[in-house]
Every structure is written in structure tokens, then in C-alpha cells.
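What follows is each chain in one-letter form.
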Amino acid sequence: MAWQRQCHQCSLLSDRDASHPGQIMPLGDISLALETLQREAVEQEKSFDDHLHHLVIHGMLHVLGFDHETAQEAEEMETLEISILAAIGISNPYIGSDLILDEKD
């Protein structure tokens, strides 16, 4: 499997599968590392469930073609994440972090 980024302690890896254009096929893969998710949730003082929901949404956006390589891409992607999470009752995961949208909310 060709991962979008290689990482030794990632909580999430996603890979968009564009090898079958025009066909109904899987969009890609999302892999989550349980131990890393648990550790990050504790370190970030978030519930495990909220952190899990956030990373699944983050991974799905990657599979759908979104990225955060530039500040503009990051702002667009994080805005979508925040909106989707709010729709399911989860607060902005970027509050208190050093990511792009820290100052919002």
C-alpha cells in the first residue's frame, strides 16, 4: 500500500486510490493506530471518542482529495473538519493547538 506520508508515530495514515477512474471502487484506505490515538487523546486532554471521530473525518477528507500542505489548504480542510465535527456535537479540535485555526472559536 502506498501511503500518503510515511511516519513512525502517526495516529492516522490515509491513501487515496485513484487507480480505477470512472469505476465504482473503494476511495482509499484509512489506518488508525490505537495506542497512538489513546496517547494523543490523553496528551491533548480530549476524549478518546472525540479524537477518534476527528481523525476518521480527517482521514476521509484526505481520501476525498483534501490536503494541508499549504496554509490555504490547511485552513480549508480544518474548516471542513470543524464544521463536520460540530454537526455531530464535537467541539473544535484545534482550540489550544498550534495548528492554523487555533484562534477561531
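Just so we're clear, the structure is a prediction, and the values are computed from it rather than from any experiment. (Residues numbered from 1 in each chain as written. Predicted model: local features only at pLDDT ≥ 70, side-chain atom pairs only at ≥ 80, totals over all residues. Heavy atoms only, no water.)

Draft legend 1. Highlighting helix α2 (residues 48-63). Taking 1.5 Å of rise per residue, the 16 residues of α2 would be expected to cover 22 Å, and the 22 Å separating its terminal C-alpha atoms lies within 8% of that figure. Among the residues making up α2, those that are buried are His51, His54, Leu55, Ile57, His58, Gly59, Leu61, His62 and Val63. In the stretch just after α2, Gly65 is the one whose phi turns positive, near 110°. (Helix = DSSP H or I, 4+ residues; strand = E, 2+ residues; numbered from the N terminus. Expected span 1.5 Å × (residues − 1). Buried < 20%, exposed > 50% of the residue type's maximum accessible area, 1.4 Å probe, protein only.)

Draft legend 2. Expanded view of the environment of Asn92. Relative to the elements of secondary structure, Asn92 occurs in the segment after α3 (71-87). Looking at Asn92, the relative accessible area reads 10%, which means it is buried. There is a polar contact of 2.7 Å between the side chain of Asn92 and the backbone nitrogen of Tyr94. (Polar contact = N/O pair within 3.5 Å; in protein donor to acceptor, adjacent residues only side chain to side chain.)

Draft legend 3. Here's a closer look at the packing of helix α1 (residues 34-43) against α2. Where α1 contacts α2, the axes come no closer than 9 Å and their chain directions differ by 120°. Overall, the two elements α1 and α2 adopt an arrangement that is oblique. Viewed along their axes, α1 and α2 form a crossing whose handedness is right-handed. Where α1 approaches α2, its residues Leu34, Leu37, Gln38, Glu40 and Ala41 are matched on the opposing element by Phe48, His51, Leu52 and Leu55. Its residues assigned to classes, the contact of α1 with α2 shows six nonpolar, two polar and one charged. (Axes fitted to C-alpha atoms, helices over the stretch in contact; angles between N-to-C directions. Parallel < 35°, antiparallel > 145°, perpendicular 65-115°, else oblique. Left-handed = near helix turned anticlockwise from the far one by under 90°. Contact = heavy atoms within 4.5 Å. Nonpolar A, V, L, I, M, F, W, Y, C, P; charged D, E, K, R; others polar.)

Draft legend 4. Summary view of a nonpolar patch on the surface. A grouping of Leu27, Ile30, Leu32, Val56, Met60 and Leu64 is seen on the molecular surface, where their side chains present a nonpolar patch of about 450 Å² in accessible area. Elements supplying a minimum of two residues to the nonpolar patch: β2 (28-32) and α2. With respect to the helices and strands, the residue Ile30 is situated in strand β2. Under the relative-accessibility criterion, Ile30 is labelled partly exposed at 31%. (Patch = residues over 30% accessible without salt bridge, like charges linked within 9 Å, V, L, I, M, F, W, Y side chains within 5 Å. Areas by Shrake-Rupley, 256 points an atom, 1.4 Å probe, with all protein chains shown as cover. Salt bridge = Lys/Arg side-chain N within 4 Å of Asp/Glu carboxyl O.)

Draft legend 5. Quick peek at the nonpolar core. Formed by Ile57, Leu61, Met77, Leu85 and Ile90, the largest nonpolar core amounts to five residues. Breaking this core down by element, the ones donating at least two residues are α2 and α3. Once residues lying within four places of it in the same chain are set aside, the contact partners of Met77 are His58, Leu61, His62, Phe66, Asp67 and His68. (Core = buried A, V, L, I, M, F, W, Y, C linked by side-chain atoms within 4.5 Å.)

Draft legend 6. Broad picture of the packing of α2 against α3. Running from N to C, α2 and α3 cross one another at 135°; their axes reach a closest spacing of 10 Å. Accordingly, the angle class assigned to the pair α2 and α3 is oblique. Read as a crossing pair, α2 and α3 show a hand that is right-handed. In contact with His53, His54, Ile57, His58, Leu61 and His62 of α2, α3 contributes Met77, Leu80, Glu81, Ile84 and Leu85.

Draft legend 7. Highlighting the pattern of salt bridges. Tallying each qualifying case throughout the model produces one salt bridge. Where Glu43 meets Arg39, a salt bridge forms, and the shortest distance between an N and an O atom there is 3.4 Å. Of the two residues, Glu43 and Arg39 are both situated in helix α1; the distance of four residues between them amounts to about one turn of the helix. Judged by its relative accessible area of 53%, Glu43 is exposed. Accessibility expressed as a relative area gives 34% for Arg39, which makes it partly exposed.

Just distances and angles here, no functional claims.
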